[in-house]
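Inside the fold
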Amino acid sequence: MKISYNWLKQFIKIDWNSEDTSALLTDLGLEVEMVEKYQSVKGGLEGIVIGHVLTCEQHPDADRLKVTTVDIGTGTPVQIVCGAANVAAGQKVPVATIGTVLYDKEGVPFTIKKGKIRGQESHGMICAEDELGLGESHDGIMVLDDKLIPGTAAAQVFKIENDEVFEIGLTPNRADAMSHLGTARDLRAGLIQSGINVELITPSVSNFRVDMRTLKIDVNVEDNNLAPRYCGVTISGITVKASPKWLQDRLKAIGLNPKNNIVDVTNYVLHELGQPLHAFDTAKINGKIIVKTVTAGTKFTTLDDVERCLHEEDLMICDDKGPLCIAGVFGGKNSGVSDNTTSIFLESAYFNPVSVRKTAKRHQLNTDASFRFERGIDPNITAYALKRAALLIQEVAGGEITSEIVDIYNKKIEDFSVFLNFANVAKIIGQEIPKDTIKQILVSLDIKVNSVSEAGLGLTIPSYRVDVQREIDVIEEILRVYGYNNIGFSNKLNATVTNSPRNEDYKLQNIIATQLNSQGFNEMMANSLTTPSYVQLSTMLKEEHNVTMLNPLSNDLSTLRQSLLFSGLEAISYNINRKNSDLKFFEFGKSYHKLLSGFEERKHLTLLLTGNRNQETWTNAQKPSDFFLFKGYVDAILGRFGIQKTQNSPATSDVFSEGIAIGSGHNALVEFGVVKKSILKHFGIKNEVFYADFNWDVIIKSTSSKIKYSDIPKYPEVRRDLALLIDKTVTYDSVYNVARQTEKSLLKEINLFDVYEGSNLGEGKKSYALSFIIQDNNKTLTDAQIDKIMGKLQKNFETELGASLR
């Protein structure tokens, strides 16, 4: 929010410099982020003086140049060569002296220097109005009033506006401060607390009167909940033209481009008082004004020439034929003020903040009016602001007030009542503040003190302070005006020691993050919002389980993710496209699901690996990462948690071309494997990518501090390995199922510890390295029994899968 210091001084007579004022505003909670200089003419005409042309002779060597002598008030006339056809002796003219900086039409600066033009010295420049930034004409030099004194600064003659503009980082709760009046109210409270009693000067509307009652426009508000207050008045006989310089300077200082005198007045009052206004051309209003919602799907063209499809909840300003304006948000193309407008209906209203917010978001519109309406403006300033604007329009555009003010305010929005307990003030602030000081602060903030007792104060909060409705809010107001810097600090340091379990989530998370970081992994944090189409990449994900945003920023960020894989692949694709292809990522994050039982969040740890395992050096050749390396990282995490007794099975997720699931009991701890090429292709990834998805919630439960134990088996387990050469079409799931069906009682574990594909294996072939754990709980197995089991496994792999031993 931009606040002009000159404009602010119209409300408070203050002679502080901008640094002190910005410091006080920041202490009050209106943080001044920057102070900018503003000049109505770039450069402020610094170095430009009034000159008196004493002589004007033809240049001896140029037909279009004149050699002049000019009195610039220094006592010694200077010679200036001028090319303007209208220069003549006896004129008073603006002169840019040596060293003056001027600006061309593109704003590029250039400096006036002493020089020679066709052999004649020139000590300055006699200027045209476009060269000074005072107009567009370049037909000749400016000829000024003959009464002006040579040497007078041009800035005084042309009344250059020099201002300082505060850039305030306004917090969303401070709707009351979104104007120069609101900022001045806070500044006054701060000055009073600093011992400087100042008066808040508000513009007078005592001269407002109805000149004649010749143009009455009836108003019908159909929904008082969406439009609690609506005011309007007609003004006839106006002339639409450019605004006067003072009005243009005020708007330009805060970054607004002047349009015409009518629109500029509505913008001026909006930034002055915080009340949005809108002017309708009465010639374009058919019948009466109707404030209502319209049928869903109604087409409406706004001021930006965009045809919009209206929602049934959009509040519209209509006439008997249809919509004229989106209430509180944006005007219509066919009802606004034009150069031919001679009479207007001026609107000032209070619209429901929630309704305006929804409409603005729905149509992706963010205007100065909606910005204020949706945060809550002062409902009791509506008629006052209307009168203020009407008087300004009469001042800059002429015309007469031709109707009484229509003011529909069926149910007044009442002020809030709050009781302030002195004991709570001291408890929250941590320091006793004198009761008289508290009352003084509250009064300076326009908070009425209705009753006083030993216990506290009965207060009435003005309705425009929508952020102050509870006792704690009042205490915050007292503290920010009293000054946070005025609260003392104790030398005593208090600390609390608490006992927390060793297996708290954040502790375990830090342990694993440290381990992965030491192994070369980088932690990533992806946005939980993603595109809804990603669920189509896996049959395990359902579109009906998507948690969608009501007001998404874009379609690409409209849904909460059901899987962390796709945001991880986005990161990998981003890096590969920037020549960074050897990647190790991990992420702690949540997935979100809308189920029949309600919304559900699940926490995950995911790993992503692609590229080479090490950088190429003269001693080490590059070696690509493989399944066995990735499995080692997965096992290391489980080992760090002390999770040992696990079972391996094929991964159930269809995002893997080859995958393993590791579980403990009936719980799945992690699924990992090689991501399908079809999914990688969607992200433009050609490299092989390994992915692991840990069920973090199950991991946490598996690390319970409760000690569980069972008898150590009396009889040893035996491990045997097989390296199978199989077709690429054969999955680990098939191998796993064949092994389980072959030996159901003695085969305890099946583990895929390496997958290899290479040209030396033959076309369409791959190699699986598997380990088999065999154990009998009742006796020690003999070599013959073990060999028999392994023989059966080998035979079934050969007959059912076409496998052979490597």
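Residues numbered from 1 in each chain as written. Predicted model: local features only at pLDDT ≥ 70, side-chain atom pairs only at ≥ 80, totals over all residues. Heavy atoms only, no water.

Observations concerning the overall build of the protein chain
- Counting its secondary structure elements, the protein chain contains 20 helices and 41 strands.
- Taking 28 Å as the expected radius of gyration for a compact globule of 806 residues, we find that the protein chain reaches 40 Å, considerably beyond that expectation.
- Across its three principal directions, the C-alpha atoms of the protein chain cover 125 × 85 × 70 Å.
- By sequence separation, contacts in the protein chain at least 24 residues apart represent 70% of the contacts at least 6 residues apart.
- As displayed, the protein chain has an accessible area near 41,100 Å², and 48% of this comes from carbon and sulfur atoms.
- Between the mean site of the 89 positive side-chain charges and the mean site of the 100 negative ones, the protein chain shows a separation of 5 Å. (Helix = DSSP H or I, 4+ residues; strand = E, 2+ residues; numbered from the N terminus. Rg over C-alpha atoms; globule rule 2.2 N^0.38 Å. Contact = heavy atoms within 4.5 Å. Areas by Shrake-Rupley, 256 points an atom, 1.4 Å probe, with all protein chains shown as cover. Lys, Arg positive; Asp, Glu negative; His and termini not counted. Charge placed at Lys NZ, Arg CZ, Asp CG, Glu CD.)

Quick notes on the UniProt feature "domain: FDX-ACB" (unreviewed entry) in the protein chain
- Under the present numbering, the feature "domain: FDX-ACB" (unreviewed entry) in UniProt falls on residues 713-806.
- Between the end C-alpha atoms of residues 713-806 there is a gap of 33 Å, over a span that is 32% helix and 34% strand. (UniProt positions renumbered as here; feature names shortened; annotations may be inferred.)

Some details on the packing of aromatic side chains
- Summed over all chains, the structure comprises 21 aromatic pairs.
- Look at Phe641 and Trp696: their rings are 5.7 Å apart centre to centre, the planes differ by 65°, and that puts the pair in the edge-to-face class. With a gap of 55 residues between them, Phe641 in the loop between helix H16 (627-640) and strand S34 (647-650) and Trp696 in helix H18 (residues 696-702) connect regions that are remote in the sequence.
- With a relative accessible area of 13%, Phe641 lands in the buried category.
- The rings of Phe586, Phe588, Phe641 and Trp696 are connected pair by pair, giving a single aromatic cluster.
- Over the ring of Tyr5 we find Lys9, and its NZ or CZ is 4.2 Å from the ring centre.
- One Lys or Arg, Arg375, reaches over the ring of Phe371 and ends 3.8 Å from the middle of that ring. (Phe/Tyr/Trp six-rings, centres within 6.5 Å; stacked < 30°, edge-to-face > 60°. Buried < 20%, exposed > 50% of the residue type's maximum accessible area, 1.4 Å probe, protein only. Lys NZ or Arg CZ within 6 Å of the ring centre and 35° of its normal.)

Things to note about the pattern of salt bridges
- Across all of its chains, the model carries 37 salt bridges by this definition.
- Across the salt bridge formed by Lys245 and Asp249, the nearest N and O atoms sit 2.7 Å from each other. With a gap of four residues between them, Lys245 and Asp249 both fall in helix H6 (residues 245-253), about one helical turn apart.
- The partly exposed category is assigned to Lys245, whose relative accessible area is 41%.
- Judged by relative accessible area, Asp249 falls into the buried class, the value being 6%.
- Between Arg362 and Glu313 there is a salt bridge; the shortest N-O distance is 3.6 Å. Pair noted here: Arg362 is in helix H8 (residues 353-362) and Glu313 is in the loop between strand S18 (307-309) and strand S19 (315-318), with a separation of 49 residues, a long-range link.
- On the basis of relative accessibility, which here comes to 30%, the residue Arg362 falls in the partly exposed class.
- Residue class for Glu313 comes out partly exposed when judged on its relative accessible area of 42%. (Salt bridge = Lys/Arg side-chain N within 4 Å of Asp/Glu carboxyl O.)

A short note on the UniProt feature "binding site: Mg(2+)" (unreviewed entry) in the protein chain
- Here the UniProt-annotated "binding site: Mg(2+)" (unreviewed entry) positions come out as Asp467, Asp473, Glu476 and Glu477.
- Here Asp473 is to be found in helix H13 (residues 471-482).
- If near-sequence neighbours (up to four positions away) are discounted, Asp473 is found in contact with Asp467 and Val468.
- You can see Glu477 is positioned in helix H13.
- Exposure remark for Glu477: the relative accessible area of 3% places this residue in the buried category.
- If near-sequence neighbours (up to four positions away) are discounted, Glu477 is found in contact with Ile441, Leu445, Arg465, Asp467 and Val468.

Thoughts on the sheet that holds strand S31 (residues 559-560)
- In spatial order, the strands read S29-S31-S30; together these three strands make up an open sheet with antiparallel pairing. Two strands close off the open sheet at either side, each with one partner strand: strand S29 (529-530) and strand S30 (547-548).
- Taken together, the two bridges between S29 and S31 define a ladder with antiparallel strand orientation. Residue pairing in the sheet places Leu529 in a bridge with Leu560 of S31. (Pairing = 2+ DSSP bridges.)

Some thoughts on the sheet that holds strand S12 (residues 162-169)
- The strand order S1-S12-S2 describes an open sheet built from three strands, whose pairing is antiparallel. At either end of the open sheet lies a strand with only one pairing partner, and these are strand S1 (2-4) and strand S2 (31-39). Sheet twist, expressed as the average angle between the axes of neighbouring strands with direction ignored, equals 25°.
- As defined by bridge partners, S1 adjoins S12 across three bridges and the pair is classed as antiparallel. Looking at S12, one finds that Lys2 is bridged to Glu167.
- Strands S2 and S12 of the sheet are contacted by helix H2 (residues 18-27), whose axis makes an angle of about 150° with S2. (Axes fitted to C-alpha atoms, helices over the stretch in contact; angles between N-to-C directions.)

Some remarks on the nonpolar core
- Core analysis: the biggest nonpolar cluster contains 78 residues, and Ile262, Val269, Ile393, Leu420, Ile438, Leu442 and Val474 have the highest contact counts within it.
- The element best represented in this core is helix H10 (residues 382-397), accounting for 10 residues.
- With sequence-adjacent residues up to four places away left out, Val474 is seen in contact with Val418, Leu420, Leu442, Leu459, Ile461 and Val468.
- Counting 59 residues, the second-largest nonpolar core is a separate cluster that includes Leu516, Leu605, Leu607 and Val738. (Core = buried A, V, L, I, M, F, W, Y, C linked by side-chain atoms within 4.5 Å.)

Some details on the packing of helix H19 (residues 732-742) against helix H20 (residues 783-801)
- Where H19 meets H20, the closest approach of the two axes is 10 Å, and the angle between their N-to-C directions is 135°. Taken together, the axes of H19 and H20 are oblique relative to one another. Note on packing geometry: the crossing formed by H19 with H20 is right-handed. Contacts from Ser734, Val735, Val738, Ala739 and Thr742 of H19 reach H20 at Lys792, Leu793, Asn796, Phe797, Glu800 and Leu801. (Parallel < 35°, antiparallel > 145°, perpendicular 65-115°, else oblique. Left-handed = near helix turned anticlockwise from the far one by under 90°.)

With respect to unusual backbone geometry
- In this model, Gln364 sits at a positive phi of 50°, which is unusual for a non-glycine residue.
- Relative to the elements of secondary structure, Gln364 occurs in the loop between H8 and helix H9 (368-373).
- Overall, Gln364 belongs to the exposed group, its relative accessible area being 67%.

Topic: the side chain of Thr359
- For Thr359, the position within the fold is in helix H8.
- With residues near it in sequence (within four places) discarded, Thr359 still touches Glu313, Asp314, Leu315, Ile326 and Val329.

Let's talk about the pairing of strand S26 (residues 448-452)
- Burial runs low along S26: only zero of the five residues are buried.
- Here S26 pairs with strand S27 (residues 456-461) via four bridges, running antiparallel. When the bridges of S27 are listed, Val452 appears paired with Leu457.
- Where S26 folds back onto S27 in an antiparallel hairpin, the turn is made up of three residues.

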